[in-house]
Every structure is written in C-alpha cells, then in structure tokens.
Amino acid sequence: MSTRTEVRPQVEPAPRRARVAGRRDSLTHPSRTGLLLVTPAVLFVAVFVLVPLGFALVISLTNWPLIGTVKFSGVKNYTAIVSDAAFAKSVLYTLLYTVIVTGPILVLGYALAVLVRRKRRGSTVLRTIFFLPFVVGLSTLSFVTVLEAQPDSGAINIILRSLGITDGTTAWLVDGPLATGLICVLVIWGVSGLTMMLLMAGMQAIPREYYESSELDGAGWWRQEWEITIPVLRPTIAMSVIISVVGSLLAFTQFYILTRGGPGTDTTTVVQYIYNRAFVQLQLGAATALSIVLVVVVGLVTAAQFWLLRERD
C-alpha cells in the first residue's frame, strides 16, 4: 500500500498594510504629527483659560477678601445676585447703552464703507481718517473728552456756545443723561471705523458682474444695495453686530475715565460694578461670582445672535 504525500502550495504572508486595517503608509504618521502641532495651542488654552476659570470658580464659592481670612461660603454669592438691586440697575443701564449704540455704529459704518469702497482719488485718505479713532483707542479718546467737556474751557461748550445752542457752561460729566449721551457719541465715533473696514472688505469681495447684470435689468443704486450687497454681506454684518454688542456689554474704559460710574451710580455698567465690588469694597468672592454669571450671559447672547443672524438657505 503506497502513501501519497500531498504537497500544498506555499501561501505568502499577507502584506503588512493588508493586515493592519486603517494604517496609512506614511513615514510621518499624520495623526501623531497633527497631535504634536495642536499641543502648544491646547497647552496655551489650558494654562491661560481653563486653569484661571477653574480658580475663579473656587474663588466664587468663598468670601475671599483681598485682606483677611478666606472662608467657604458655597453658592451664597450666587444666590445674593438675585436680590442685588444695584447689580440689576447696572444691568439695565448696560442694556440701554447697548441698544443705543449698536444701531448707529452699524449704520454709520455701512455708510462710511459705501463712501470709500471704490478705488477713487482720496479714498485711501478717507479710510485712514475714518479708521484713525479706532486705532487711537477709547482710552486716549476718553482722556481727551474729559478735557474738552469741561465747562467754560472745553471745546464742546465753546462750539455749542458759538452756534447759540447752549450758554457754554454745561457740565456734561456730572449729569447722568448728558454723560450717557456724550459717551454714546464718543463710542459711535470711535468704533464705527472698525465696522467700516469689515464691511468694506466684504463689499470689495463681491464680484462686479453682479452689479453689471442688475444694471442691465434696470436696477438702481438702492435696489442693488438691498438685493445684492446686503444679502451677500449678511455674514459680515452679523459678525460686526456681534462684536459691537459684546463690546457694549463689556464696556468699562470710557465710563471709568469719564464718569467713574457717576453721578452716584447713574452711569455704572456691569463691568464697572464688578470692579467696584472687587477692588473698592474688597469682595473678591462676590465679584468673581458676578463675573462668571456675566461670562455665561455674554456667551448665551453671542450664541443667540449667531443663531438669529446665521445664513439661511
């Protein structure tokens, strides 16, 4: 009886690339490289955002006086916000200020952008002049306004007296409504240049063919602005409004320099009220709780604006 020896063909091992599913044939390992590239940004956010935020949460749960013994108080600082009438007054004043300045900043910025968007003689000079107040900054403008708003000697009263509008002795900074009006004019003038630059950049990116086609259809300037420019600029307009609203809700510099929140508390904004609680009344725990609430509210307002102003199909 003979036996057969079955010879089986040798099967070569599958390539490593076939055995290891999902492994890319790359010498640089893109996943690891990407992780290394984002590590500095992650560390920066962790050190300068997450760690301070966590420390702020801890402070908000204590009394944390600037000088003295720290005692844990739980959520007492947060529950006290509900019954804080002075804080509620500062919130209402800040909202009023935001409503007053947001519309004019957008309208004036749009008008200035329309004026300088074309490449014509003198447009570069006008852009520089209109944008210069924003470059100078609200701090410098506020200090100049303090000098120019003085009774008898300030340029504002001198000009108004020469025009016969006032007697030239108006004390602008010691009257709540007058101080608010002056600050609003200052901010509208100082910030509109930024809105102008944002909108102008968006306008210059619109293809000229859109306007030429509408001209063939008999569309005038206003119809072109309403049906072409504004719809195309919707994302830029939304961004400009969000920047303006957030900046107004966090307003501090101009009010601190011009009025210090006075007379009394008539021009006290939310941020200035928090500043007073922290560095005047030395109540860092309560001030930190107010700051966290403000951050949450501003975040919610910004998210709501993104949702309302989002580009719809």
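Okay, so let's go over this structure. None of the values given here were measured: they were computed from a predicted structure. (Residues numbered from 1 in each chain as written. Predicted model: local features only at pLDDT ≥ 70, side-chain atom pairs only at ≥ 80, totals over all residues. Heavy atoms only, no water.)

What about the side chain of threonine 102?
Inspection of the secondary structure puts threonine 102 in helix H4 (residues 85-116). Exposure remark for threonine 102: the relative accessible area of 14% places this residue in the buried category. For threonine 102, the side chain forms a polar contact with the main-chain oxygen of threonine 98, separated by 2.6 Å. Beyond its immediate chain neighbours, meaning those up to four positions away, threonine 102 contacts Val241, Ser244 and Val245. (Helix = DSSP H or I, 4+ residues; strand = E, 2+ residues; numbered from the N terminus. Buried < 20%, exposed > 50% of the residue type's maximum accessible area, 1.4 Å probe, protein only. Polar contact = N/O pair within 3.5 Å; in protein donor to acceptor, adjacent residues only side chain to side chain. Contact = heavy atoms within 4.5 Å.)

Section: the pattern of salt bridges
Inspection of the entire model under this criterion finds five salt bridges. With a shortest N-O distance of 3.6 Å, lysine 89 and aspartate 266 are connected by a salt bridge. With lysine 89 in helix H4 and aspartate 266 in the loop between helix H12 (253-258) and helix H13 (270-279), the pair connects residues that are 177 residues apart, well separated along the chain. According to the relative accessible area criterion, lysine 89 is partly exposed, its value standing at 39%. Residue glutamate 227 is joined to arginine 223 by a salt bridge in which the shortest nitrogen-to-oxygen separation is 3.2 Å. (Salt bridge = Lys/Arg side-chain N within 4 Å of Asp/Glu carboxyl O.)

Remarks on the packing of aromatic side chains
The full count for this structure, using the stated rule, is 12 aromatic pairs. Taken together, a centroid distance of 4.8 Å and an interplanar angle of 40° make the contact between phenylalanine 44 and phenylalanine 48 tilted. Of this pair, phenylalanine 44 and phenylalanine 48 are both found in helix H2 (residues 30-60), four residues apart, which corresponds to roughly one turn of the helix. Given the relative accessible area of 55%, phenylalanine 48 is considered exposed. The interplanar angle of 75° and the centroid separation of 5.5 Å between the aromatic rings of tyrosine 256 and tyrosine 275 together place this pair among those described as edge-to-face. Linking tyrosine 256 in helix H12 with tyrosine 275 in helix H13, this pair joins segments that are 19 residues apart in sequence. Members of the aromatic cluster, joined through ring pairs, are Phe252, Tyr256, Tyr275 and Phe279. Over the ring of tyrosine 211 we find arginine 118, and its NZ or CZ is 5.7 Å from the ring centre. (Phe/Tyr/Trp six-rings, centres within 6.5 Å; stacked < 30°, edge-to-face > 60°. Lys NZ or Arg CZ within 6 Å of the ring centre and 35° of its normal.)

Let's talk about a nonpolar patch on the surface
On the surface, a cluster of nonpolar side chains totalling about 580 Å² of accessible area is made up of Phe44, Val45, Val47, Phe48, Val49 and Leu50. For valine 47, the position within the fold is in helix H2. (Patch = residues over 30% accessible without salt bridge, like charges linked within 9 Å, V, L, I, M, F, W, Y side chains within 5 Å. Areas by Shrake-Rupley, 256 points an atom, 1.4 Å probe, with all protein chains shown as cover.)

Observations regarding the packing of H4 against helix H11 (residues 234-249)
Close contact between H4 and H11 brings their axes to 9 Å; oriented N to C, the two are set at 150°. In this structure, the crossing between H4 and H11 has a hand that is right-handed. Listed contacts from H11 to Thr94, Leu95, Tyr97, Thr98, Val101, Thr102, Ile105 and Leu106 of H4 are Ile237, Val241, Ser244, Val245, Ser248 and Leu249. Residue composition of the contact of H4 with H11, grouped by class: nine nonpolar, five polar and no charged. (Axes fitted to C-alpha atoms, helices over the stretch in contact; angles between N-to-C directions. Left-handed = near helix turned anticlockwise from the far one by under 90°. Nonpolar A, V, L, I, M, F, W, Y, C, P; charged D, E, K, R; others polar.)

Function-wise, these values are silent; they only describe arrangement.
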